[in-house]
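Given next are the chains, with one letter for each unit.
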Amino acid sequence: RMVDLWPQEKRYWSSWAALLARDGQERRAFEVNTIMYVEGMLTQSDELMRLAQYYSYYDYPYRAASIVERALNAGRIEQTPANYTALAQFWRGAREWERALPVLHRVATMTGAGNDYVKLGEAHYQSANYIEAEAVFTQALSRSDLARRGDAWNLLGMVRYEQGDYVEAIEAYEHGLEHEYSRATAQGWIDFVEQAIAIRNRAIEWPIRVDLDRCTTHVEEVRRGM
């Protein structure tokens, strides 16, 4: 009733949204926050990030990313690594890898953290930028703070495989074997790549064998003709 009587009073809208959320009515709280945003009532960094999280939670990551990106550019959301990381996650959730790339690059540059370089490398991989992905994964592995090195080695193997560097890919996967959590994936990829190498070798050998058979047949025909 207070919102109906004083629709321009932000504090009543905020109280209503908070009460709805506390009562377990998150969807309605989200709708109230959306109305506040449309009416220009959400101006604080934490308010805008909360709205974006709502959009992401209800499977609208593209809208969440658009809100955060616009607010970051306007200076209404603090330009911190955490907020840029959230923006990148929203773009990744929307499968907008090309739009996530510059954000992830900014985060990795700001933090210098190995895990952030891995995320950047994954975005390059998803965008089929394999040369860039290999360079970034290599950079991530040079960081002492990298949490799951085995996973990074497996990712490096994947981008090398995509470039046709089968032997180098296996070398990367062998490092993945050194960690229990990444061992099964690494071994599966090694088996797969070794099969690919065998198939490629057979494809190379086949025309040679055909030519040899033709030569042998021709020699035999000549011999008989003599």
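Residues numbered from 1 in each chain as written. Predicted model: local features only at pLDDT ≥ 70, side-chain atom pairs only at ≥ 80, totals over all residues. Heavy atoms only, no water.

Engineer: Outline the overall build of the chain, listing residues and values.
Structural biologist: Of regular secondary structure, the chain possesses 12 helices and 0 strands. Start at the N end of the chain and walk to the C end: the helices and strands fall as α-α-α-α-α-α-α-α-α-α-α-α. The buried share of the chain, taken over its 226 residues, is 38%. A separation threshold of at least 6 residues defines the contact pool for the chain, and within that pool the share at least 24 residues apart is 45%. (Helix = DSSP H or I, 4+ residues; strand = E, 2+ residues; numbered from the N terminus. Buried < 20%, exposed > 50% of the residue type's maximum accessible area, 1.4 Å probe, protein only. Contact = heavy atoms within 4.5 Å.)

Engineer: Break down the environment of Y60 for me, citing the residues and quoting the values.
Structural biologist: In this fold, Y60 is placed in the loop between α4 (45-57) and α5 (61-74). The contacts of Y60, once residues within four sequence positions are left out, are R27 and Y55.

Engineer: Kindly report on helix α8 (residues 114-126), identifying the contributing residues and their values.
Structural biologist: An ideal rise of 1.5 Å per residue puts 18 Å on 13 residues; α8 measures up with 19 Å between its terminal C-alpha atoms. Residues of α8 that are buried include every one of G114, D116, Y117, V118, L120, G121, A123, H124 and Y125, and no others. Next to the buried residues of α8 lie α7 (97-111), α9 (130-141) and α10 (149-162). Of the residues trailing α8, A128 is marked for its positive phi of about 65 degrees. (Expected span 1.5 Å × (residues − 1).)

Engineer: Which residues make up unusual backbone geometry, and what are the values?
Structural biologist: For R95, which is not glycine, the phi torsion reads 60 degrees and is therefore positive. As for its placement among the helices and strands, R95 is situated in the loop between α6 (81-93) and α7. A residue is classified by how much of its surface remains accessible, and R95, at 57% relative accessible area, is exposed. The phi torsion at A128 lies on the positive side, around 65 degrees, for a residue other than glycine. Taking the relative accessible area as the measure of exposure, A128 reaches 45% and is therefore partly exposed.

Engineer: Kindly report on the pattern of salt bridges, identifying the contributing residues and their values.
Structural biologist: One pass over the structure, following the stated rule, counts 4 salt bridges. Of the charged contacts, one joins R99 and E69 as a salt bridge, the two residues approaching to 3.2 Å between their closest N and O atoms. With a gap of 30 residues between them, R99 in helix α7 and E69 in helix α5 connect regions that are remote in the sequence. On the basis of relative accessibility, which here comes to 24%, the residue E69 falls in the partly exposed class. In this structure, R160 and E134 form a salt bridge, with 3.2 Å as the shortest nitrogen-oxygen distance. (Salt bridge = Lys/Arg side-chain N within 4 Å of Asp/Glu carboxyl O.)

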